[in-house]
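# Secondary and tertiary structure notes
The chain contents come next:
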Amino acid sequence: MNFNKAEFDKAFGVSAQLPKSDKPEIVFSGRSNVGKSSLLNRLFNRKNLARVSAVPGKTITINFYNVDNQRFVDLPGYGYAKISKAEKSRFAELMEGYFQSGRNIALVVQLIDMRHKPTADDYGMLAFMQQTEIPFIVALTKCDKLNKTQFQQRLKDIETELKDYPCTYIPFSAETGQGSDEVKAAIEKAIFN
């Protein structure tokens, strides 16, 4: 699969607008400011295809990308407190609408900041995927921000923190590219096997 053949397709702000799920979808999920756009840009080998923002909570739509005739789905980041109640409820409707509309989800790449313990929202997402039997992996973002000792300690901690959610987890850095090949391999396996 050629990840360089990526183009933005469409963005949707309410679930009623979502297109039919006519091909397997690779979904990217995580809290606001966890590095989803940076991870996507690294996978696509592009600087600005997915818009990176310094302001958390900026992605408020579900963004679809066509990647070598495969569908990638960038969900809005969750857990950002500084949005209105109306926005929070629209966001909840959008996420529920996406997951409850019988989508052909091949894999969810769940992003968790490696530097920190998963949040309550992260655990909620992991539990949801486990209960609904949606296949997922965890990309541990921002791993380049840890020194070797911290990195090894966080790997040990994560084994404990994620023990109830057995899955593949991959330390990932959008800066250095660490973990990029492993994430791509997991995506290809989910689509083509």
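Everything here concerns the structure above.
Conventions we followed
Residues numbered from 1 in each chain as written. Predicted model: local features only at pLDDT ≥ 70, side-chain atom pairs only at ≥ 80, totals over all residues. Heavy atoms only, no water. Buried < 20%, exposed > 50% of the residue type's maximum accessible area, 1.4 Å probe, protein only. Helix = DSSP H or I, 4+ residues; strand = E, 2+ residues; numbered from the N terminus. Pairing = 2+ DSSP bridges. Phe/Tyr/Trp six-rings, centres within 6.5 Å; stacked < 30°, edge-to-face > 60°. Contact = heavy atoms within 4.5 Å. Polar contact = N/O pair within 3.5 Å; in protein donor to acceptor, adjacent residues only side chain to side chain. Salt bridge = Lys/Arg side-chain N within 4 Å of Asp/Glu carboxyl O. Axes fitted to C-alpha atoms, helices over the stretch in contact; angles between N-to-C directions.

Quick look at the pairing of strand S2 (residues 25-30) now. The element S2 is extensively covered by neighbouring structure, given that 6 of its 6 residues are classed as buried. Judged by which residues are buried, S2 turns out to be covered on both faces: Glu25, Val27 and Ser29 on one side and Ile26, Phe28 and Gly30 on the other are all buried. Relative to strand S4 (residues 70-74), S2 runs parallel, the two sharing 4 bridges. Paired with Phe28 across the strands is Asp74, a residue of S4. Relative to strand S5 (residues 105-113), S2 runs parallel, the two being bridged by 6 bridges. In the sheet register, Gly30 faces S5, and the bridge partner there is Leu111.

Within the structure shown, the criterion is met by 9 aromatic pairs. Both rings, one in Phe8 and one in Tyr65, keep their centres 5.6 Å apart while their planes meet at 75°; by these two values the pair is edge-to-face. Remark: Tyr65 occurs in strand S3 (residues 62-67) and Phe8 occurs in strand S1 (residues 6-12); sequence separation between them is 57 residues. Judged by its relative accessible area of 38%, Phe8 is partly exposed.

Summarising the element assignment, Asn2 is placed in the segment before S1. Not counting residues up to four positions away in its chain, the partners in contact with Asn2 are Val67 and Asp68. Polar contacts involving the side chain of Asn2 include one to the main-chain amide nitrogen of Asn4, which spans 2.9 Å.

So, on to the pattern of salt bridges. Scanning the entire structure with this criterion turns up 9 salt bridges. Note that Asp113 is salt-bridged to Arg31, the shortest N-O span being 3.5 Å. Of this pair, Asp113 sits in strand S5 while Arg31 sits in the loop between S2 and helix H1 (36-44), and the two are 82 residues apart along the sequence. Arg154 is paired through a salt bridge with Glu161; the nearest N and O atoms lie 3.0 Å apart. There is no split in this pair, since Arg154 and Glu161 are both buried. Ionic contacts of the salt-bridge type, sharing partners, join the residues Asp22, Glu25, Arg71 and Arg103 into one network.

The strand order across the open sheet formed by 7 strands is S1-S3-S4-S2-S5-S6-S7, and the pairing between neighbours is mixed. Two strands bound the open sheet, and with one partner strand each, they are S1 and strand S7 (169-171). Strand after strand, the sheet turns through a mean of 25° between neighbouring axes, direction not considered. This element, helix H3 (residues 120-132), spans S2, S5 and strand S6 (136-141) of the sheet and lies at about 160° to S5.

This paragraph deals with unusual backbone geometry. Look at Asp68: it is not a glycine, yet its phi comes out positive at around 50°. Within the fold, Asp68 resides in the loop between S3 and S4. A relative accessible area of 27% means that Asp68 is categorised as partly exposed. For Glu133, which is not glycine, the phi dihedral falls at a positive 60°. Looking at where Glu133 falls in the secondary structure, it is placed in the loop between H3 and S6.

We now examine the environment of Gly77. Looking at where Gly77 falls in the secondary structure, it is placed in the loop between S4 and helix H2 (85-99). We classify Gly77 as buried; its relative accessible area is 16%. Separated by 34 residues in sequence, Gly77 and Leu111 place their C-alpha atoms 9.9 Å apart.

This next bit is on the environment of Ala50. By secondary structure assignment, the location of Ala50 is in the loop between H1 and S3. For Ala50 and Asn147, which are 97 residues apart along the polypeptide, the C-alpha to C-alpha distance reads 28 Å. Contacts of Ala50, omitting those with residues within four sequence positions, involve Ser37, Leu40, Asn41 and Tyr65.

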